[in-house]
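What follows is each chain in one-letter form.
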Amino acid sequence: MVVLSKEYGYVVLTGVASMVMVTHLAIKVGKARKKYNVPYPQMYSDDPENGNIFNCIQRAHQNTLEIYPAFLFCLAFAGLNCPRAATGLGVVWIISREVYAHGYSTGDPKKRMRGSFGNFAMLGLMLSTFNFGRQLLGWTGPRMRGPFRQVNV
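Thresholds, definitions, all that
Residue positions are given per chain, counting from 1 as you read along its sequence in written order. Local features in a predicted model are, by the rule used here, given only for residues with pLDDT of at least 70; side-chain atom pairs are given and counted only at 80 or more, and totals for whole chains, interfaces and linings are based on all residues. Side-chain descriptors were evaluated using all non-hydrogen atoms of the structure, hydrogens and water having been removed beforehand. Runs of E in the DSSP output that reach at least two residues are strands. Runs of H or I that reach at least four are helices, and both are numbered from the N terminus. Any pair of N or O atoms that falls within 3.5 Å is considered a polar contact. Within protein, one atom must be able to donate a hydrogen and the other to accept it, and sequence-neighbouring residues count only if both atoms are side-chain atoms. In what follows, a contact means two residues having at least one pair of non-hydrogen atoms within 4.5 Å. To estimate how far a helix should reach, multiply one less than its number of residues by 1.5 Å. Type-normalised accessible area, obtained with a 1.4 Å probe on protein chains alone, sets the label of each residue: buried when under 20%, exposed when over 50%, and partly exposed for intermediate values. Think of the arc as the fan of directions from the helix axis to the C-beta atoms. Residues qualify for a patch when their relative accessible area is over 30% and they have no salt bridge, like charges being joined within 9 Å and the nonpolar side chains of Val, Leu, Ile, Met, Phe, Trp and Tyr within 5 Å. The protein chains shown are the only cover counted for residues, whose accessible areas, like all others here, come from Shrake-Rupley with a 1.4 Å probe. One side-chain nitrogen of Lys or Arg within 4 Å of one carboxyl oxygen of Asp or Glu is enough to make a salt bridge. Lines fitted to C-alpha atoms define the axes, with helix axes restricted to the stretch in contact, and inter-axis angles between N-to-C directions lie between 0 and 180 degrees. In these notes the angle categories are as follows: under 35 degrees is roughly parallel, over 145 is roughly antiparallel, 65 to 115 is roughly perpendicular, and the rest is oblique. Crossings are classed by handedness, with left-handed meaning an anticlockwise turn of the near helix from the far one by less than a right angle and right-handed meaning a clockwise turn. Side-chain classes follow a simple rule in which Ala, Val, Leu, Ile, Met, Phe, Trp, Tyr, Cys and Pro form the nonpolar group, Asp, Glu, Lys and Arg form the charged group, and the remainder, Gly included, forms the polar group.

Observations concerning the side chain of Ser105
Tracing the backbone through its elements, the reader meets Ser105 in the loop between helix 3 (83-104) and helix 4 (118-137). Separated by 3.4 Å, the side chains of Ser105 and Lys28 make a polar contact. Setting aside chain neighbours within four positions, we find Ser105 in contact with Lys28, Ile53 and Ile57.

Observations concerning helix 4
Compared with an ideal rise of 1.5 Å per residue, which puts 20 residues at 28 Å, helix 4 spans 29 Å between its outermost C-alpha atoms and is within 8% of the ideal. By the burial criterion, the buried members of helix 4 are Gly118, Ala121, Met122, Gly124, Leu125, Ser128, Thr129 and Phe132. Viewed end-on, helix 4 has its buried residues packed into an arc of 155°, placing them on one side of the element. Turned more than 90 degrees away from the buried face of helix 4, the exposed residues are Asn119, Phe120, Leu127, Phe130 and Leu137. Against the buried residues of helix 4 lie helix 2 (51-81) and helix 3. At the C-terminal side of helix 4, Gly138 shows a positive phi close to 80°.

Brief notes about the side chain of Thr14
Structurally, Thr14 can be placed in helix 1 (residues 8-35). Relative accessible area serves as the criterion here: at 4%, Thr14 is assigned to the buried category. Setting aside residues up to four positions removed in sequence, Thr14 forms contacts with Leu75, Thr87, Gly90, Val91 and Ile94.

Concerning a nonpolar patch on the surface
The grouping of Val2, Leu4, Phe73, Phe77 and Leu80 at the surface amounts to a nonpolar patch, some 480 Å² of accessible area in total. Here Leu80 shows up in helix 2. Residue class for Leu80 comes out partly exposed when judged on its relative accessible area of 38%.

Considering unusual backbone geometry
The omega torsion of the bond from Tyr40 to Pro41 falls at 0°, within 30 degrees of zero and hence cis. Counting through the fold element by element, Pro41 comes out in the loop between helix 1 and helix 2. Positive phi outside glycine occurs at Asn37, with the angle close to 55°.

Points about the environment of Ala121
Summarising the element assignment, Ala121 is placed in helix 4. Taking C-alpha positions, Ala121 is 9.8 Å from Phe71, a pair spaced 50 residues apart along the chain. Those residues in contact with Ala121, other than ones at most four positions away along the chain, are Leu89, Val92 and Trp93.

With respect to the packing of helix 2 against helix 4
Put simply, helix 2 and helix 4 touch, their axes get as near as 8 Å, and they point 50° apart. The angle between the axes of helix 2 and helix 4 places the two elements in the oblique class. Handedness of the helix 2/helix 4 crossing: left-handed. Side by side, helix 2 and helix 4 meet where Ile67, Ala70, Phe71, Phe73, Cys74, Leu75, Phe77, Ala78, Leu80 and Asn81 of the first sit next to Met122, Leu125, Met126, Ser128, Thr129, Asn131, Phe132 and Gln135 of the second. Of the residues belonging to the contact of helix 2 with helix 4, the class tally is 13 nonpolar, five polar and no charged.

In short, shape yes, function no, at least from these values alone.
Set out below in structure tokens:
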């Protein structure tokens, strides 16, 4: 039987919060479909007047879904090793996706960059996941010498 730390509950709740965020973005796309008259299964609008706004709202959701499996994987496995760090990075990523979607939804794609701070959170999750795998395999890495690291010889 696998025993998880009590703090892993924070990781689980962060995963739930991410599902709420993805659902929120999906609802925004659904409302935009009605508002801009974009029927299913059409992915994008070709309306020259308002199509760009719908397309930006839809792309914000689609782009989030493209990275979402990697986010969940990294959140789950980084959380096994460092649940508090993974939770913090996960919450930052979730907030960044909302900021990203809000900026993108204006119809000006450049405003999506306001949410780019989430890339640092995702990078942190990826590195934490890599570090956990490295620890499980017993890889210690090369011995470093220098003013900031002591090496016992």
